[in-house]
Amino acid sequence: MDHILRRARTPTARVAAQQLSPQLLNGCFLEADRADMVGLNLQGLRNALPEKFHPHMSGIIEEIYNTSRLLRDIAEQAQIHLTQIPAVFDYLNVILPCLCKTLRDIMAFYEDKSMNKEHRWRTMYHKLGNEVPGTTLPARFIMYNQFLRLLQDLMTRSPNFDMNAMESLRIRILQLREARKIPPPNPIRTDLIRRDEALDFWSQETNSHWAEAIFTQPLPSRREFRIQGRSDAFGPLQKLGHLPPLPREVKILVKRSFDNDRISVIFFLQLRNQAPSLLIRSKVASQNWVSVLGVHELSIRREGDSSLYLSRWSMEEQRPKPWANLSFLTWEEMVLFYCTFLCLRVRSRLTFKINPAEFHLKKEKRLFQAQIIDDGYQHVLMVFEDTITGGLRLHAAVWEGKLRACPVWTAFIPPNVSSSWLLRKSKKCVWLRDMQPYVFCESYRPVNQRRGKFGAFELRFAHSEAATRFQELFATSPETSAASNPDSPDDHDATTADS
């Protein structure tokens, strides 16, 4: 690109958005204009060559114009979705320099008067197509456009946003950058947009369900499983298109894909009775097979290191039978899927009974548990450590009543957190910086727990000894953190709820 997008550290997402917006808009429009120019010149070159070259050239030209359109869409939507700009900024810095060099190289071949027009096209096609094995020139623009469409989903907080696909494409583009000797971009920052802001958007602007927002934001960390399992659907399955018709008033909540989209699972809600259900699709050879069950008809548990196992009750055999086995790339996505499923199951009006074992994710070790006052509610706060990946997470659940142990929110603790991550504000109050809770409840508002100019997340414990135990769990030394301020008078009245 003619000018480099540069990122500055900012205290809040909104300030970051305001500073990054002009760079983002200018960068997108600049490369969109360049793509239009390249497309126009290739059209002229195509028209000057024999018809045998036209199919390949027409395909590339079409994808280049798609690139231009997507860049403009992202730039225009950024003016509406202002707070999402920091979330997409680093991803644009991955693709834009690489896209820019591709467009410039095409123009360099096009303008090379030392070759005739046919030779220019052949040289351009083969040289650019051999830089990375398997990435021809048409495939390169298809890859760019898939990445941009995912960025568009991220910008608009689409429930169809697929983090796995984004990460896979990002890695491929980085490989292309390396082959073309383009310096590596800044690391991806995922802390500029907090999840509770996305949740507020879904609730206020689109009147949508909380589950639609769970997978729409970048993860604060990605702890990948070393051993990947295989995803399978066991059914009973029917050919696609042969299922009994679903109710007309159905709302799709979440779609997740597995094994390169060989298996997909869709959570949806039947609006008539608010009953959540799952549809699984499995591709076998060239045939797609599907099955639908309500979440109240399924149970969930972790199997192996990286898989969640869904089972159904067979009335005929009077025993549980497998329905699906879903293998995840990362621990974080496994946790989010598990919590989403469990919360929908607990809150479904059709659920009769849940096995207590389903409330515990196998191979996680509980390090801490205490009662907290959270957005005016009594919750139980737990800290879990995954024994496979070493990941740590906070988990808040309902304290008592018929929804007891139902997940309310979870938050992943980034590796190597700084000493300023935890701040003891009073005897019962702890502040956590850079907290991104994933919320599984309509009524809970994490923004009500935000404190201070940096938006720290407040944990208010029912008992002071619990706050001390929590602080000690994350202390880097027996000494009280230098950032601690247990006697701060300003924070005793931060909330009216207390023990």
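Residues numbered from 1 in each chain as written. Predicted model: local features only at pLDDT ≥ 70, side-chain atom pairs only at ≥ 80, totals over all residues. Heavy atoms only, no water.

Regarding the packing of helix 3 (residues 85–110) against helix 4 (residues 117–129)
- The contact between helix 3 and helix 4 brings their axes to 9 Å, and the two run at 150°. As the angle between them shows, helix 3 and helix 4 are arranged roughly antiparallel. The handedness of the crossing between helix 3 and helix 4 comes out as right-handed. Residues Asp105, Ile106, Phe109 and Tyr110 of helix 3 pack against Arg120, Thr123, Met124, Lys127 and Leu128 of helix 4.
- For the contact of helix 3 with helix 4, the residue count by class is five nonpolar, one polar and three charged. (Axes fitted to C-alpha atoms, helices over the stretch in contact; angles between N-to-C directions. Helix = DSSP H or I, 4+ residues; strand = E, 2+ residues; numbered from the N terminus. Parallel < 35°, antiparallel > 145°, perpendicular 65-115°, else oblique. Left-handed = near helix turned anticlockwise from the far one by under 90°. Contact = heavy atoms within 4.5 Å. Nonpolar A, V, L, I, M, F, W, Y, C, P; charged D, E, K, R; others polar.)

Considering empty space enclosed by the protein
- All told, the structure shown has two cavities of 30 Å³ or more when counted by the stated rule.
- Looking at the largest cavity, the residues that line it are Met163, Phe215, Gln217, Leu219, Arg256, Glu333 and Leu336.
- Classifying every residue of the lining of the largest cavity gives four nonpolar, one polar and two charged.
- The computed volume of the second largest cavity comes to approximately 30 Å³.
- Taken together, Tyr338, Phe359, His360, Leu361, Glu364, Phe384, Arg393 and His395 make up the lining of the second largest cavity.
- Of the residues contributing to the lining of the second largest cavity, the split by class is four nonpolar, two polar and two charged. (1 Å grid on protein atoms, 1.4 Å probe; cavity = no way out; pocket = protein on both sides within 12 Å on 5 of 7 lines; lining within 4 Å. Points joined across faces, edges and corners; volume = space filled by probe spheres on them.)

Digging into the confidence of the model for the protein chain
- Of all residues in the protein chain, 82% attain a pLDDT of 70 or more, and the chain-wide mean is 81.
- Confidence over residues 1–18 falls short of pLDDT 50; this stretch has 50 contacts with residues more than four positions distant or in other chains.
- Between residues 192–206, whose pLDDT stays under 50, and residues either more than four places distant or in other chains, the model counts 50 contacts. (pLDDT = per-residue confidence, 0-100.)

Details of the sheet that holds strand 3 (residues 250–258)
- Taken together, five strands build an open sheet; the order of strands is 2-6-5-4-3 and the sheet is antiparallel. Pairing within the sheet leaves two strands with one partner each, and these edge strands are strand 2 (238–239) and strand 3.
- Where strand 5 (residues 275–284) lies against strand 6 (residues 287–294), eight bridges are found, and the strand directions are antiparallel. Looking at strand 6, one finds that Lys283 is bridged to Asn288. (Pairing = 2+ DSSP bridges.)

Regarding the pairing of strand 3
- Sheet analysis places strand 3 next to strand 4 (residues 263–270), joined by eight bridges and oriented antiparallel. In the sheet register, Lys255 faces strand 4, and the bridge partner there is Ile266.
- From the end of strand 3 to the start of strand 4, which pair antiparallel, there are four residues, and Asp259 there has a positive phi angle of about 50°.

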